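Each chain, written out:
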Amino acid sequence: GVVGMFNSVFEKQIIFKTEISGAAKVNRIIKETHNNEIPILGSSRANGSFIPSVLGENFYNYGIDGTSSNVWLVLLKQELKKKKSNPVILNFDLEGFQNSIGAIDNYIPNGENREIKLLTKKNNVDLPQGLFKYYGSIQNYLKFYINERYMVSKKIDNGGAFEINNITKSKFRKLVSKRENTKNSFSVFDSLFSKYVNTIKSTEREIVIVIAPYHSSYFTSFTNYPVALDYIKMLDEIVNCTVINHGKLAINDEFFANTTHLNYKGALKFSEILKVDLGKLGY
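My aim in this report is to walk through the structure given alongside it, one point at a time. (Residues numbered from 1 in each chain as written. Predicted model: local features only at pLDDT ≥ 70, side-chain atom pairs only at ≥ 80, totals over all residues. Heavy atoms only, no water.)

1. Thoughts on the packing of helix 2 (residues 22–31) against helix 5 (residues 69–80)
Logical step 1: For the pair helix 2 and helix 5, interaxial distance at closest approach is 8 Å and the crossing angle is 30 degrees. Facing V26, I29 and I30 of helix 2, the residues of helix 5 in contact are L75, Q78 and E79.
Logical step 2: Residues that form the contact of helix 2 with helix 5 fall into these classes: four nonpolar, one polar and one charged. (Axes fitted to C-alpha atoms, helices over the stretch in contact; angles between N-to-C directions. Helix = DSSP H or I, 4+ residues; strand = E, 2+ residues; numbered from the N terminus. Contact = heavy atoms within 4.5 Å. Nonpolar A, V, L, I, M, F, W, Y, C, P; charged D, E, K, R; others polar.)

2. Looking at the environment of V210
Logical step 1: Here V210 shows up in strand 6 (residues 207–211).
Logical step 2: In this structure V210 comes out as buried when scored by relative accessible area, which is 0%.
Logical step 3: When the C-alpha atoms of V210 and Y264 are compared, they prove to be 18 Å apart, with 54 residues separating the residues in sequence.
Logical step 4: Among all residues touching V210, those that are not within four sequence positions of it are F50, I89, L90, N91, F92, I244, F270 and L274. (Buried < 20%, exposed > 50% of the residue type's maximum accessible area, 1.4 Å probe, protein only.)

3. A closer look at the nonpolar core
Logical step 1: One finds L41, L94, F97, Y107, I207, I209 and L235 to be the most contacted residues of the largest nonpolar core, which totals 53 residues.
Logical step 2: Looking at which element gives the most residues to this core, the answer is helix 5, with seven residues.
Logical step 3: The next biggest cluster of nonpolar side chains, apart from the first, holds 21 residues, and it includes A46, V208, F270 and L278. (Core = buried A, V, L, I, M, F, W, Y, C linked by side-chain atoms within 4.5 Å.)

4. Some remarks on empty space enclosed by the protein
Logical step 1: What the rule picks out here adds up to one cavity of 30 Å³ or more.
Logical step 2: The computed volume of the largest cavity comes to approximately 30 Å³.
Logical step 3: Looking at the largest cavity, the residues that line it are S21, G22, A23, D105, N106, Y141 and F144.
Logical step 4: Listed by contribution, the elements that provide at least two residues to the lining of the largest cavity are helix 2 and helix 7 (138–149).
Logical step 5: When its residues are assigned to classes, the lining of the largest cavity shows three nonpolar, three polar and one charged. (1 Å grid on protein atoms, 1.4 Å probe; cavity = no way out; pocket = protein on both sides within 12 Å on 5 of 7 lines; lining within 4 Å. Points joined across faces, edges and corners; volume = space filled by probe spheres on them.)

Listed below in structure tokens is the structure:
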């Protein structure tokens, strides 16, 4: 009927044509192969820090805002089902192993996928299904679509979206003092950690775990950084896993959009540094 046709046209022409939307990224990794592609997985910190075209010609940024380790794990497993030999890059956030799936719009188009079903169920989210599944989300998808086409504040590059507008020094100072008075800690969800270990060990492909830069103020009230380093070290000890930790990369305030995210200038600088690191690993 008409609604079914609308859904199918809306998916093809709007949702999947918006490369920066989480829904398009989830769909691309589940439904498409891209033999030469090196995927970059992670949260908004992946989305706004790794510039694919700077890293090389085959990189694609699958970073999805608001997502956590549980989501990246599902996407990693989907990627590893492909008969490919390229490495996978995973940006890791120092909040640790957590369960947060971000906006449900990311998953509606692929709600029938077994892993996606499990992921949303575990987070007590019932994905809308049936003919009217997009009813409440049309506006959100359109917002992404329009933003991507007339993007005034962001630069887009192979999936990634980078903040062009610079924050004023006084605004940034405020963010810094707020951050210095906010406790951060690395949280450990052990069963999730062991799933990561098993997944990485289950493949021949190289997994490169990268920690993109945080502003130095992020570490002022970080309660258990040594614990974070212990877990990172355990991952680094897996034969086909390499950790590149640039969490404390010494770069100026002007490269940050806020205390946990880089702006476009910062992403350029970081991507240039990472390109050298990846070059040393042979990519």
